[in-house]
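Analysis of the macromolecular model
Now for the letters of each chain:
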Amino acid sequence: MSNDAATAEAAGTVEAAPAPEPIPHGLGASLPPADARAKTEGTFPYAADLWAEGLLWAAVLRSPHPHARIVSIDTTHAREMPGVRAVVTHEDVPGTPLHGRGGRADRPVFASEVVRHHGEPIAAVAADHPDTARMAAAAVIVEYEVLAPVTDPEQAFEAEPLHPDGNLIRHIPLRHGDPDAAGEVVVEGLYRIGRQDPAPIGAEAGLAVPRPDGGVELYLASTDPHADRDTAAECYGLAPEQVKIVVTGVPGATADREDQGFQLPLGLLALKTGCPVKLTATREESFLGHVHRHPTLLRYRHHADAEGRVVKVEAQILLDAGAYADTSSDALAAAVAFACGPYVVPNAFIEGWAVRTNNPPSGHVRGEGAMQVCAAYEAQMDKVAKKLGLDPAEVRLRNVLATGDVLPTGQTVTCPAPVAELLQAVRDFPLPALPKDTPEDEWLLPGGPEGAGEPGAVRRGVGYGIGMVHMLGAEGADEVSTATVKVQDGVATVLCAAVETGQGFSTLARQIVQDTLGVDEVQVAPVDTDQPPAGAGCRGRHTWVSGGAVERAAKMVRTQLLQPLAHQFGMSTELLQIADGKITSYDGVLSTTVAEALDGKELWATAQCRPHPTEPLDEAGQGDAFVGMAFCAIRAVVDVDVEIGSVRVVELAVAQDVGRVLNPAQLTARIEAGVTQGVGIALTENLRTPRGLIRHPDLTGYALPTALDAPDIRIVKLVEERDVVAPFGAKAVSAAPVVASPAAVASAVRAATGRPVNRLPIRPQAAVVTV
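Attention here is on the structure that accompanies the text. (Residues numbered from 1 in each chain as written. Predicted model: local features only at pLDDT ≥ 70, side-chain atom pairs only at ≥ 80, totals over all residues. Heavy atoms only, no water.)

Things to note about the overall build of the chain
A count of helical and extended segments in the chain gives 16 helices and 29 strands. In terms of overall size, the chain behaves like a compact globule, its C-alpha atoms giving a radius of gyration of 28 Å where 771 residues would be expected to give roughly 28 Å. In terms of its C-alpha atoms, the chain occupies a principal-axis envelope of roughly 80 × 75 × 65 Å. Taken over 771 residues, the chain has a buried fraction of 58%. By element, 51% of the accessible surface of the chain is carried by carbon and sulfur atoms, the whole surface being about 30600 Å². (Helix = DSSP H or I, 4+ residues; strand = E, 2+ residues; numbered from the N terminus. Rg over C-alpha atoms; globule rule 2.2 N^0.38 Å. Buried < 20%, exposed > 50% of the residue type's maximum accessible area, 1.4 Å probe, protein only. Areas by Shrake-Rupley, 256 points an atom, 1.4 Å probe, with all protein chains shown as cover.)

Structure (structure tokens):
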């Protein structure tokens, strides 16, 4: 301390340093992610960063054709190249050569006789340098007999079978109510939804390491490690315990994160060479390999009475599954079940199909099935309002679903469904100010700074979108998760195979244990398949199922901690509470700290969480297929230059039912991310595949929305009406805004232009108004 400081302190003139702000703690607090610092500093270990002694590099040869017959494969030149250690094709798959997701194994590890989509794996190479591996893969000579691709899903019904299982993956005919019911007003529409790519921040990467027992370890950014392990074991002809998957850092996931067509060859190469093998995909390989959102064709007819109440909905929904089934059956079930939206519809007749084509494979992407139908049924509600001369929000309010109503599938909505409250919240929220016609506000025009827009051609529109999604798996899926909580030396550890994909599970697990046990320091162990399974990281299932398992395990440890104290004072553990690291009794007789109660003890417990069962939809599309549902209402405000068709999303007002806010900062981030993803679907994102070929498979040709494209997002209301069957009462929050925001943007563009806007993404010509 300096002399001046000492003198000032002695005189009592030095202000005391401000007390440090308390660290957020437990459920309901904005606890920051444990890995936030490592990710921002660039030290977080992703799969692309892994290394092993004696490492080889892999490359995969992919088909340049969407449809072809393979006449021959010659690997001689590739094998003879210096530095090449192995080349594998379909002949080198020792076990079951088929794999897939959604319970449907219909995709080969390597194409053997027929190529069914652009980018399908043909062979894989391991070499001592990545450039050598890529050159060797290119040196594999494949003789193709090019066939005409089937790229129009409507033609798939009459085309020759593209797969031994046929072209029809699933057909769901939904029948609900009176087929002869009719309304005074009838509106029709034909809608098309494009192919969206999940576009993960980091392209696929992985490392395979052979084991002394003849097995293999795969280090991957897997979102469902146990399912991936079982698939790999079948393909390798190994027992499941001989294959171990270790989950590395996942660089974001809004879909099935990993491409099995790259990870399965990786393990084969490691087994064949006896050396560790690594692969880091290029962005082009990532686009070619992983699944995309289902392009969808939808035909709708709505019947309504003179007051705008929907009497009957008729619809035909056609999903383009691409070459393989993947999760198309699940997506179709969601699309058909939610085809009428969060509205009361007494009569509904829906036909849904998922078919194979030679387009790139489609699969799970956030809000699959529900997003596509939302764009269509909300367009229909706009048409009903326009035809009756009513306010679009008012028409929706006259039809909205509530708890106790019945879905067209015959399932009663037992969860909170505050749809009217959500819609009223966004409708009544103040509209943003109109931009001034001044040079300094030129950036506000569609097209941005230096854009071609003219202020006189800009029209503002306001539109609405209400989305609904299901949580967890559906139609009888066994949604179970297991977790273990250990406490030793004042530190709690959570072991659960729920993968942190950016949805915040690891943060939630820490909050649960803090809340239950009063322990500040909580660690979440890395995930691998030596742990019991926890299932896939999608549809909010880890918040519900894995979070529920962590809570149950933590409560069991809590009982172990409190039981000796309760016995000592002659009371039950229910009369003791833990708060702020202290244990107290209801009468104040007992008061001690958690640290003192632990006193060197090691406590642990394992628990499972399994939600109530569901059932498959029957032959009429009826059944209690879903565990729970979540809803979101969005009001979009857009400015459209009607001369050039450019669109700027000014603001999106969001109201959502969340059950319970577990982490405010995390929840806000998830909603904002979902809304922004929806803006991309509405305006820019469309993976073009002319004649089945992916055009511009890179982030230059595929237009993701950037920070400059993100609108003002106003979260105007979060309805916390707890779902009594869900742990903590919380609901999934990521998918619902993805579902609702594209429909809201399209609705606003319709309001601004008077054009039908029946295709997503919205093309400029669809927003042009001719005088």
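Some thoughts on the sheet that holds strand S27 (residues 646-657)
The strand order across the open sheet built from four strands is S18-S26-S27-S28, with neighbouring strands paired in mixed fashion. Of all the strands in the sheet, just strand S18 (458-474) and strand S28 (712-719) have a single pairing partner and so form its edges. On average, each strand axis in the sheet is tilted by 20 degrees relative to the strand beside it, whichever way the strands run. With seven bridges connecting them, S27 and S28 associate as parallel partners. (Pairing = 2+ DSSP bridges. Axes fitted to C-alpha atoms, helices over the stretch in contact; angles between N-to-C directions.)

Focus: the environment of Glu619
Looking at the secondary structure, you find Glu619 in the loop between strand S25 (602-609) and strand S26 (626-641). Expressed as a C-alpha distance, the spacing of Glu619 and Leu174, which sit 445 residues apart in the sequence, is 7.8 Å.

Details of helix H5 (residues 225-236)
The end-to-end C-alpha distance of H5, which contains 12 residues, comes to 16 Å, matching closely the 16 Å that a straight helix rising 1.5 Å per residue would cover. For H5, the buried fraction is high: nine of the 12 residues fall into the buried class. Buried residues of H5: Pro225, His226, Asp228, Arg229, Thr231, Ala232, Ala233, Cys235 and Tyr236, and no others. Looking at the buried positions of H5, the neighbouring elements they touch are strand S4 (98-99), strand S12 (216-220), strand S13 (243-247) and helix H6 (260-273). Positive backbone phi, at 70 degrees, marks Gly237, one or two positions downstream of H5. (Expected span 1.5 Å × (residues − 1). Contact = heavy atoms within 4.5 Å.)

Observations concerning the pattern of salt bridges
Scanning all chains against the criterion turns up 34 salt bridges. When the shortest N-O distance is used, the salt bridge between Arg107 and Asp326 registers 3.4 Å. Remark: Asp326 occurs in the loop between strand S16 (310-320) and helix H8 (328-337) and Arg107 occurs in strand S5 (residues 107-108); sequence separation between them is 219 residues. Neither residue differs from the other here; Arg107 and Asp326 are each classed as buried. One salt bridge in this structure joins Lys731 and Asp657, with 2.5 Å as the shortest N-O distance. Here Asp657 lies in strand S27 and Lys731 lies in the loop between S28 and helix H16 (735-753), a separation of 74 residues in the sequence. For the pair Lys731 and Asp657, one class covers both residues: buried. In the salt-bridge network here, residues are joined through shared partners; they are Glu188, Arg301, Lys312 and Glu314. (Salt bridge = Lys/Arg side-chain N within 4 Å of Asp/Glu carboxyl O.)

A few points about a negative patch on the surface
On the surface, a cluster of negative charge is contributed by Glu615, Asp618, Glu619 and Asp624. When you line up the elements, Asp624 lands in the loop between S25 and S26. Overall, Asp624 belongs to the partly exposed group, its relative accessible area being 39%. (Patch = residues over 30% accessible without salt bridge, like charges linked within 9 Å, V, L, I, M, F, W, Y side chains within 5 Å. Lys, Arg positive; Asp, Glu negative; His and termini not counted. Charge placed at Lys NZ, Arg CZ, Asp CG, Glu CD.)

Section: the side chain of Thr507
Among the secondary structure elements, Thr507 is positioned in helix H12 (residues 505-517). Excluding its chain neighbours within four sequence positions, the residues that come into contact with Thr507 are Leu31, Pro32, Pro33, Glu500, Asn663 and Gln666.

Considering the sheet that holds strand S8 (residues 141-146)
Backbone hydrogen bonds are what pair the strands of a sheet, in a parallel or an antiparallel way. Ordered by their spatial adjacency, three strands build an open sheet running S6-S2-S8, and the pairing between neighbours is antiparallel. In this open sheet, the two edge strands, each paired with only one partner strand, are strand S6 (114-115) and S8. Inspection of the sheet shows strand S2 (residues 68-74) paired to S6 by two bridges, in the antiparallel sense. Within S6, the residue paired with Arg69 across the bridge is Val114.

Let's talk about the packing of aromatic side chains
Considering all chains together, one arrives at six aromatic pairs under this definition. With 5.9 Å between their ring centres and 80 degrees between their planes, Phe157 and Trp353 make a pair best called edge-to-face. Here Trp353 lies in strand S17 (residues 347-355) and Phe157 lies in the loop between S8 and strand S9 (168-176), a separation of 196 residues in the sequence. Phe157 gets classed as partly exposed once you look at its relative accessible area, which sits at 39%. When the ring centre of Phe44 is taken as origin, the NZ or CZ atom of Lys39, which lies over that ring, is 4.9 Å away. (Phe/Tyr/Trp six-rings, centres within 6.5 Å; stacked < 30°, edge-to-face > 60°. Lys NZ or Arg CZ within 6 Å of the ring centre and 35° of its normal.)

A look at the pairing of strand S15 (residues 296-304)
For S15, the tally of buried residues reaches seven of nine residues, placing the bulk of the element in the interior. The pairing of strand S10 (residues 185-193) with S15 spans nine bridges and is classified as antiparallel. Bridge assignment links Leu190 to a residue of S15, and that residue is Arg299. Here S15 runs beside S16; their pairing, made up of nine bridges, is antiparallel. Paired with His303 across the bridge in S16 is Lys312.

As for H8
Burial runs high along H8: eight of the 10 residues are buried. Those residues of H8 not exposed but buried are Ser328, Ala331, Leu332, Ala333, Ala334, Ala335, Val336 and Ala337. The secondary structure elements touched by the buried residues of H8 are S9, S16, S17, helix H9 (370-388), S18 and S26.

What to know about the packing of H9 against H16
Two numbers describe how H9 lies on H16: the axes approach to 8 Å, and their chain directions differ by 30 degrees. With respect to their mutual orientation, H9 and H16 come out roughly parallel. Handedness of the H9/H16 crossing: right-handed. Contacts from Ala370, Met371, Cys374, Ala375, Glu378, Ala379 and Asp382 of H9 reach H16 at Val738, Val739, Ala740, Pro742, Ala743, Ser747 and Arg750. (Parallel < 35°, antiparallel > 145°, perpendicular 65-115°, else oblique. Left-handed = near helix turned anticlockwise from the far one by under 90°.)

Overview of the pairing of strand S3 (residues 84-88)
Of all five residues making up S3, four are buried, and the element is well covered by its neighbours. Taken together, the four bridges between S3 and strand S7 (residues 121-127) define a ladder with antiparallel strand orientation. The partner of Val88 across the bridge, within S7, is Ala124.

A look at the packing of H12 against helix H13 (residues 541-568)
Put simply, H12 and H13 touch, their axes get as near as 9 Å, and they point 30 degrees apart. One way to sum up the angle between H12 and H13 is to call them roughly parallel. Crossing geometry of H12 relative to H13 is assigned as right-handed. Contacts between H12 and H13 involve Phe505, Leu508, Ala509, Ile512, Val513, Thr516 and Leu517 from the former and His542, Thr543, Ser546, Gly547, Val550, Glu551, Ala554, Lys555, Val557 and Arg558 from the latter. Of the residues belonging to the contact of H12 with H13, the class tally is nine nonpolar, five polar and three charged. (Nonpolar A, V, L, I, M, F, W, Y, C, P; charged D, E, K, R; others polar.)

Remarks on the state of the cysteines
In protein chemistry, a disulfide is the covalent bond that joins the sulfur atoms of two cysteines. Counted under the stated rule, the structure contains zero disulfides. Between Cys340, a cysteine without a disulfide, and Cys374, which holds the nearest cysteine sulfur, the sulfur-to-sulfur distance is 12 Å. (Disulfide = S-S within 2.5 Å.)

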